[in-house]
Amino acid sequence: MAADQACAFLAPHLPFTRKPGADSLPHVTLTYAQSLDGFVARHDRKPLPLSGPDSATLTHALRASHDAILVGANTLINDNPSLNTRLVASDAAGQPAQSPRPVILDSTLRTPVSARVFTTPRPRADGSRDSRVIVITCEGRYDRERKRALEEDAGAVVLAVQSDDGRVHLPSALAALRDLGVQSVMVEGGATVIGALLTSPEVRVDLLVVTIAPTVIGRGVHAIGDGVRQDTKDKDGRLPVIPKLVDVQWEQFGADMVMLAKPA
Ligand SMILES: NC(=O)C1=CN([C@@H]2O[C@H](COP(=O)(O)OP(=O)(O)OC[C@H]3O[C@@H](n4cnc5c(N)ncnc54)[C@H](OP(=O)(O)O)[C@@H]3O)[C@@H](O)[C@H]2O)C=CC1
Ligand SMILES: Nc1nc(O)c(N)c(N[C@@H]2O[C@H](COP(=O)(O)O)[C@@H](O)[C@H]2O)n1
């Protein structure tokens, strides 16, 4: 069964908890599905189903094993995802599946109050933890009325952190999540967030889980190439560096191949 296979595949890497130390950031797993020719989305950025049922089960087991699940504002708006764990009964450790808290990176609060994520049931077996959606925005860039609407009409928690070149400063976002008690964050994308995270000199990706589906798209958005401008230096004059991968494992889930690795 795919759920058992997912548990066995992920078990050596559990639990996903933040490293010791008062100031340490949550554990970060970066995960996405790509076509055989390397795309995560069609060129029009419409939702693109790539994962087959078995690798989708793995993704949901991974979701259930994290405290929070993070996407960029474009993914939230384009895909209108649920971000829950409806495909699994247990997490990767065999405990009853909980849905992680959705987190949206949204510099200017474009997230619509009608987004599906706000009304998706997110029962928590332990009954104790706050499951409200968290929207992280940039200090000084958001509209107060949008913040009020997201908080009061959609029931979100809006956190404002410092901006980094007009976008949410990733270490500050993770520190804000840590301060809410989040130990582990699963980042699902899209391409811009994947690129920003993989090349961040300040944030460490602890685990990378990539599903490769035997589907050819031809034209679309590359998982990494379109999220990272290789010729663009950051504000400190540094070129983006994509880390090498170590401890690489491959396993077939249904028709898909899944790679699990650690950035060095
Ligand atoms: N196959 C897969 O596994 C997945 C595919 N996708 C696909 O990806 C596509 C969307 O990708 P893409 O258009 O690149 O957008 P993203 O979903 O990566 O969102 C990017 C936006 O997030 C906001 N943002 C805020 N802070 C940051 C930050 N620090 N770093 C990066 N982004 C930040 C920015 O918008 P602002 O400035 O307004 O804040 C930015 O434009 C969709 O088509 C979706 O279907 C998505 C997830 C997984
Ligand atoms: N693992 C995976 N496989 C695919 O084929 C995908 N298209 C995605 N996309 C991500 O999943 C989100 C949809 O989540 P729900 O099914 O609505 O819960 C989508 O927004 C992407 O983040 N992932």
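Residues numbered from 1 in each chain as written. Chains lettered and ligands numbered in written order. Predicted model: local features only at pLDDT ≥ 70, side-chain atom pairs only at ≥ 80, totals over all residues. Heavy atoms only, no water.

Under the annotation held in an unreviewed UniProt entry, the protein chain carries the name 2,5-diamino-6-ribosylamino-4(3H)-pyrimidinone 5'-phosphate reductase and is attributed to Geranomyces variabilis. The heading Sequence similarities (unreviewed entry) in the UniProt record of the protein chain holds the text "Belongs to the HTP reductase family." Quoted straight from UniProt, the Function (unreviewed entry) entry for the protein chain says "Catalyzes an early step in riboflavin biosynthesis, the NADPH-dependent reduction of the ribose side chain of 2,5-diamino-6-ribosylamino-4(3H)-pyrimidinone 5'-phosphate, yielding 2,5-diamino-6-ribitylamino-4(3H)-pyrimidinone 5'-phosphate." (UniProt positions renumbered as here; feature names shortened; annotations may be inferred.)

(A) Structural detail: the packing of helix H1 (residues 2-10) against helix H2 (residues 53-64). Following both chains from N to C, one finds H1 and H2 inclined at 55 degrees, their axes separated by 9 Å at the closest point. As far as their axial angle goes, H2 and H1 are oblique. Once H1 is placed against H2, the crossing between them reads as right-handed. Within the contact between the two elements, H1 uses Ala2, Ala3, Ala6, Phe9 and Leu10 and H2 uses Asp54, Thr57, Leu58, Ala61 and Leu62. Classifying every residue of the contact of H1 with H2 gives 8 nonpolar, 1 polar and 1 charged. (Axes fitted to C-alpha atoms, helices over the stretch in contact; angles between N-to-C directions. Helix = DSSP H or I, 4+ residues; strand = E, 2+ residues; numbered from the N terminus. Parallel < 35°, antiparallel > 145°, perpendicular 65-115°, else oblique. Left-handed = near helix turned anticlockwise from the far one by under 90°. Contact = heavy atoms within 4.5 Å. Nonpolar A, V, L, I, M, F, W, Y, C, P; charged D, E, K, R; others polar.)

(B) Geometry of the site of ligand 1. Around ligand 1 lies a shell of 25 residues, among which Arg45, Thr75, Ser107, Val168 and Thr192 are the nearest. Backbone polar atom of glycine 190 to an oxygen atom of ligand 1: 3.0 Å apart, as the coordinates give it. Take threonine 192: an N or O atom from its side chain is 2.6 Å from an oxygen atom of ligand 1. Residues belonging to the shell around ligand 1 are distributed by class as follows: 12 nonpolar, 7 polar and 6 charged. (Near = heavy atom within 4 Å. Polar contact = N/O pair within 3.5 Å; in protein donor to acceptor, adjacent residues only side chain to side chain.)

(C) Main features of the confidence of the model for the protein chain. When pLDDT is averaged along the protein chain, the result is 92, and 93% of the positions lie at 70 or above. With a pTM of 0.96, the predicted complex shows an ipTM of 0.99. (pLDDT = per-residue confidence, 0-100.)

(D) Focus on the site of ligand 2. If you check the shell around ligand 2, you find 14 residues, and the closest are Leu50, Ser51, Ser82, Arg86 and Glu188. In this structure, an oxygen atom belonging to ligand 2 sits 2.6 Å away from a main-chain N or O atom of leucine 50. Take serine 82: an N or O atom from its main chain is 2.8 Å from an oxygen atom of ligand 2. Protein chains bury 77% of the 520 Å² of accessible surface belonging to ligand 2 in isolation. (Areas by Shrake-Rupley, 256 points an atom, 1.4 Å probe, with all protein chains shown as cover.)

(E) Summary view of the pattern of salt bridges. Throughout the structure, instances matching the rule amount to 10 salt bridges. In this structure, the salt-bridge partner of arginine 101 is aspartate 130, at a minimum N-O distance of 3.6 Å. Of this pair, arginine 101 sits in strand E4 (residues 101-105) while aspartate 130 is found in the loop between E4 and strand E5 (134-138), placing the two residues 29 residues apart along the sequence. Residues aspartate 130 and arginine 132 are paired through a salt bridge, measuring 2.8 Å at the closest nitrogen-oxygen approach. (Salt bridge = Lys/Arg side-chain N within 4 Å of Asp/Glu carboxyl O.)

(F) Up close: the environment of cysteine 7. With respect to the element layout, cysteine 7 can be found in helix H1. With 54 residues separating them in the primary sequence, cysteine 7 and alanine 61 have C-alpha atoms 7.5 Å apart. With residues up to four places along the chain from it excluded, the contact list for cysteine 7 reads Asp91 and Ala92.

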